[in-house]
Amino acid sequence: MIFRLAKSNRNCNLNYFNMKSDISALRNEYSKSTLSDSELSSDPFVQFDQWFKEAINSDQIEPNAMIVGTVDQYDQPTQRTVLLKDYGKEGFVFYTNYKSRKGTQLENNPKINLLFPWYHLQRQVIISGTVTKVSKEDSESYFHSRPRGSQLSAFVSNQSEEIPSRKEIESRLQKAEEDFKDKEIPLPDNWGGYLVTPSSFEFWQGRENRLHDRFFFERENEHWKISRLAP
Ligand SMILES: Cc1cc2nc3c(=O)[nH]c(=O)nc-3n(C[C@H](O)[C@H](O)[C@H](O)COP(=O)(O)O)c2cc1C
């Protein structure tokens, strides 16, 4: 990684880590694209679809990776990355363990935030909404489309639970490999998909001099109210 060396330290007095570089000087101009009123679709799903396809066709790594925010029982927000596996007019689908930390939180509070960090395109999309579980048939069908190794890992991993060691989970995996040799691996009871039904979208396009384009879509009955937000 190339750090621009600091010319002076006057902006940064927090030199706790004795860094040789000045991160306050890390700065890019955002000039790759625009999002004007006339370019914006009046349908946020159409706008998302267009940007998602552009992300897939760009050099953005993991274009379907999204940061998922949930809230715990103490109102503490928590986040992690998960992969978007399907989307359409009904919403956005990802798969996980229903008993994981996020699964437990969503059981108590189904409100969720998704953030697509498409830095390569100087874009981000933020979606707020509510989750419901997808049907068992959908979870089953996606589960069995995964590589066998991923199915086995999901089977042996009680995601987010403390484990004594890596060795212990590796031996669980090895045992499952033997138990299910030449057999179909069943969908684990606690594993499946969530459908996020959006209540709002924000599309952010980086622009020169930090005067970015931002559009906020808020669901109002069957319609979407659109506002342009200050950058
Ligand atoms: C690029 C990337 C993709 C990931 N995709 C998923 C995913 O699709 N589903 C999932 O459960 N965890 C996925 N993870 C792991 C999660 O970030 C997280 O560690 C895990 O779901 C446990 O989160 P929790 O303890 O908050 O429930 C992914 C992590 C990364 C970095």
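Residues numbered from 1 in each chain as written. Predicted model: local features only at pLDDT ≥ 70, side-chain atom pairs only at ≥ 80, totals over all residues. Heavy atoms only, no water.

Visitor: Which residues make up the overall build of the protein, and what are the values?
Guide: Looking only at helices and strands, the protein features 5 helices and 8 strands. Written out in order from the N terminus, the α and β elements of the protein read α-β-β-β-α-β-β-α-α-α-β-β-β. Over its C-alpha atoms, taken along the principal directions, the protein stretches across nearly 60 × 55 × 40 Å. By the burial criterion, 38% of the 231 residues in the protein qualify as buried. The long-range share in the protein, meaning contacts at least 24 apart out of those at least 6 apart in sequence, stands at 62%. Total accessible area on the protein is roughly 14800 Å²; 49% of this is exposed by carbon and sulfur atoms. Distance between charge centroids for the protein: 6 Å, based on 31 positive and 33 negative side chains. (Helix = DSSP H or I, 4+ residues; strand = E, 2+ residues; numbered from the N terminus. Buried < 20%, exposed > 50% of the residue type's maximum accessible area, 1.4 Å probe, protein only. Contact = heavy atoms within 4.5 Å. Areas by Shrake-Rupley, 256 points an atom, 1.4 Å probe, with all protein chains shown as cover. Lys, Arg positive; Asp, Glu negative; His and termini not counted. Charge placed at Lys NZ, Arg CZ, Asp CG, Glu CD.)

Visitor: Could you give an account of the nonpolar core, with specific residues and numbers?
Guide: Of all hydrophobic cores here, the largest spans 30 residues; its most connected members are Phe48, Phe92, Phe94, Leu114, Phe116 and Phe201. Counting residues per element, the ones that place at least two in this core are helix H1 (44-56), strand E1 (65-71), strand E2 (77-88), strand E3 (91-97), strand E4 (111-118), strand E5 (123-133), strand E6 (191-205) and strand E7 (213-220). Ranked by residue count, the leading element in this core is H1, at 5 residues. In contact with Leu114, not counting residues within four places along its chain, are Met66, Ile67, Val68, Phe92, Val125, Ile126, Ile127 and Val196. Listed in part, the 15 residues of the second largest apolar core include Leu152, Val156, Trp191 and Leu195. (Core = buried A, V, L, I, M, F, W, Y, C linked by side-chain atoms within 4.5 Å.)

Visitor: Give me the lowdown on the site of the ligand, citing residues and values where you can.
Guide: Close contacts around the ligand come from Arg80, Thr81, Val82, Leu83, Tyr95, Thr96, Ser100, Arg101, Lys102, Gln159 and Ser160, and that covers them all. Thr81 has a polar backbone atom sitting 2.7 Å from an oxygen atom of the ligand. Side-chain polar atom of Arg101 to an oxygen atom of the ligand: 3.0 Å apart, as the coordinates give it. In isolation the ligand offers 620 Å² of accessible surface; the protein chains occlude 65% of this area. Breaking the shell around the ligand down by element, the ones donating at least two residues are E2, E3 and helix H2 (101-108). It is E2 that provides the largest number of residues to the shell around the ligand, a total of 4 residues. Of the residues in the shell around the ligand, the class split is 3 nonpolar, 5 polar and 3 charged. (Near = heavy atom within 4 Å. Polar contact = N/O pair within 3.5 Å; in protein donor to acceptor, adjacent residues only side chain to side chain. Nonpolar A, V, L, I, M, F, W, Y, C, P; charged D, E, K, R; others polar.)

Visitor: Please give an account of helix H3 (residues 136-145) that cites residues and values.
Guide: Along H3, the residues classified as buried are Ser139, Tyr142 and Phe143. Each buried residue of H3 lies within a common arc of 105° when the element is viewed along its axis, so the set occupies one face. Across from the buried face of H3, at angles greater than 90 degrees, the exposed residues are Glu137, Ser141 and Ser145. Tucked inside the fold, the buried residues of H3 contact E2, E3, helix H4 (148-156) and E6. (Arc of directions from axis to C-beta.)

Visitor: Could you give an account of unusual backbone geometry, with specific residues and numbers?
Guide: In this structure, Ser160 is a non-glycine residue whose phi angle is positive, near 80°. Note on placement: Ser160 falls in the loop between H4 and helix H5 (166-179). Its identity is not glycine, yet Asn209 carries a phi of approximately 55°, on the positive side. With respect to the helices, strands and loops of the structure, Asn209 is situated in the loop between E6 and E7. The exposed category is assigned to Asn209, whose relative accessible area is 65%.

Visitor: Explain the side chain of Arg214 to me, and be specific about the residues and the numbers.
Guide: Its place among the elements puts Arg214 in strand E7. At a separation of 2.9 Å, a polar atom in the side chain of Arg214 contacts the main-chain carbonyl oxygen of Ala230. For Arg214, the contacting residues outside a window of four places in its chain are Glu202, Phe203, Trp204, Ser227, Arg228, Leu229, Ala230 and Pro231.

Visitor: Give me the packing of aromatic side chains: which residues, what numbers.
Guide: Summed over all chains, the structure comprises 25 aromatic pairs. Note on Phe48 and Phe92: the rings are 4.8 Å apart at their centroids and 80° apart in plane angle, and the pair reads as edge-to-face. Of the two residues, Phe48 is situated in helix H1 and Phe92 in strand E3; the sequence distance between them amounts to 44 residues. By relative accessible area, which is 0% here, Phe48 ends up buried. By way of ring pairs, the aromatic residues Phe45, Phe48, Trp51, Phe52, Tyr87, Phe92, Phe116, Trp118, Phe201, Phe203, Phe217 and Trp224 are connected into one cluster. The aromatic ring of Tyr98 is capped on one face by Lys133, whose charged end is 4.4 Å from the ring centroid. Above the face of the Tyr30 ring, Arg210 is positioned so that its terminal group lies 4.8 Å from the ring centre. (Phe/Tyr/Trp six-rings, centres within 6.5 Å; stacked < 30°, edge-to-face > 60°. Lys NZ or Arg CZ within 6 Å of the ring centre and 35° of its normal.)

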